[in-house]
Amino acid sequence: MTVRAVELPQLWMPYALRVNPYLPALHEESESWARGMGMLDDGRWPSARTAIWTRSKFHAMTVDQLTAWTLPDASLDALRLNHRFNIWALAWDDYFASAFKQTGDLPAARRFTARLHAFLRPERGARLPEPANAVERGIADLQQQLFPPRLAHWRGEFNRALARYVDAGVEELANSRSGRIPHLIDYAPFRRESFAAYTAPYSVELATGARIPEQIRHTRTVRALLDAFMDFMGLANDIASYEREVHEENDVNNLVLVVGTSLGISLHDAVPAALNLVNARLRDFDHLRRSELPLLVRHFGLDRDERTELETWVEGACGFLSGLHAWYTGAPRYASGDVPFPG
């Protein structure tokens, strides 16, 4: 039985979808960076540097829409930068799946990941290795661009988030090779890493020019808000990508399987249970945003500028979640395997 054979409750999304006005410009240049990094199959690179996507498959992913939907208020420069990061993250995901998940080659996956760590250097101008493939070429290029001066505080945190992301891929592969389905209690924190969700607050900051004020940044309320924000991303993705991950990639790291195994229930019951869990995390985020954050602001006595900055960031986070929801429910990447990619 597949997810599509089960009647699904609705994936809840209370925030309106907004689209960045620069989407047409992004669409026009959508493939230029990916092509320059060797991610597209156009005969430009030697056979040893195998491309990750055909042109039609790349455009079917609609990464430009993902970026414009999740970051509706970003400037064109910030949008371009986030677009390239989104392309790179998907390139890593698809390359890792084809090169290592499909072959089960765990030692090779570890070697590949160890090399990627050498590109994740927090200091500006760090000397990086010579890239050997499209994934390395992409992250090496991004390392030269990802850290605007105003967001220098993110330099170390962002690269640590990327390190956790690529390391989680190795752990996912180890789980799949051994047939070990993670337990529900452990899975949500792990999924924040394996989805690269820890990079998302950076994208919201870059797009809005706002950040959570330092006085409240490490409070329990804000940590809970960020956890719920990140949980929706990865856990909703598990619902959308179940068919591809479980049936095509033989992956065991998926919320539907995790819920079914941990609770000892059938797939028929696990699908709505997993969806309800995703919806619950979004309700947690919305409750914290509406009810707990205002109390925290008053308790810490944030001034008008700090309140405005917090409100701007939170609005950006709501837009980010709405854009992801739209992409999960509309992109051909998450269509069933019998739906062809458009030309």
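Here is a short report on the structure shown in this document.

Further remarks concern the overall build of the chain. From N to C terminus, the chain includes 16 helices and zero strands. Counting over 343 residues, the chain shows a buried share of 54%. Looking at the chain alone, contacts between residues at least 24 apart form 75% of all its contacts between residues at least 6 apart. Within the structure as shown, the chain displays about 15,300 Å² of accessible surface, and the carbon and sulfur contribution to it stands at 51%.

What follows concerns helix α5 (residues 76-101). For α5, spanning 26 residues, the distance from its first C-alpha to its last is 36 Å, which sits close to the expected 38 Å at 1.5 Å a residue. Most of α5 is tucked away: 19 of the 26 residues are buried.

In this section: the environment of A210. Mapped onto the fold, A210 is located in the loop between α10 (200-208) and α11 (214-217). A C-alpha to C-alpha distance of 8.9 Å links A210 and G316, two positions 106 residues apart in sequence. In contact with A210, other than residues within four places in its own chain, are E205, E309, T312 and W313.

So, about helix α4 (residues 63-70). Across the eight residues that make up α4, a large majority, seven, are buried. The set of residues buried in α4 consists of V63, D64, L66, T67, A68, W69 and T70.

Counting 105 residues, the largest nonpolar core has M39, W53, W88, F229, F285 and W313 as the members making the most contacts within it. For F229, the residues in contact, after removing those within four places along its chain, are A200, P201, V204, F285, W313, A317, F320 and L321.

Here the focus is the pattern of salt bridges. Counted by the stated rule, this structure contains 20 salt bridges. Residues E205 and R217 are paired through a salt bridge, measuring 3.3 Å at the closest nitrogen-oxygen approach. In this pair, E205 is assigned in helix α10 and R217 in helix α11, connecting sequence segments twelve residues apart. Judged by relative accessible area, which is 15%, R217 ranks as buried. Bridged by salt links that share partners, the residues R192, D227, D231, R281 and D284 form one connected network.

Next up on the list: the packing of aromatic side chains. Enumeration over the complete set of coordinates arrives at 16 aromatic pairs. Ring centres of F100 and F112 lie 5.3 Å apart, and the angle between their planes is 40°; this geometry places the pair in the tilted category. Remark: F112 occurs in helix α6 (residues 106-117) and F100 occurs in helix α5; sequence separation between them is twelve residues. Comparing F100 with F112, the two get one shared label, buried. Members of the aromatic cluster, each reached through a chain of ring pairs, are F85, W88, W92, Y95, F96, F100, F112, F158, Y165 and Y202. It is R164 that lies over the ring of Y198; its NZ or CZ is 4.0 Å from the centre.

Analysis parameters
- Residues numbered from 1 in each chain as written.
- Predicted model: local features only at pLDDT ≥ 70, side-chain atom pairs only at ≥ 80, totals over all residues.
- Heavy atoms only, no water.
- Helix = DSSP H or I, 4+ residues; strand = E, 2+ residues; numbered from the N terminus.
- Buried < 20%, exposed > 50% of the residue type's maximum accessible area, 1.4 Å probe, protein only.
- Contact = heavy atoms within 4.5 Å.
- Areas by Shrake-Rupley, 256 points an atom, 1.4 Å probe, with all protein chains shown as cover.
- Expected span 1.5 Å × (residues − 1).
- Core = buried A, V, L, I, M, F, W, Y, C linked by side-chain atoms within 4.5 Å.
- Salt bridge = Lys/Arg side-chain N within 4 Å of Asp/Glu carboxyl O.
- Phe/Tyr/Trp six-rings, centres within 6.5 Å; stacked < 30°, edge-to-face > 60°.
- Lys NZ or Arg CZ within 6 Å of the ring centre and 35° of its normal.

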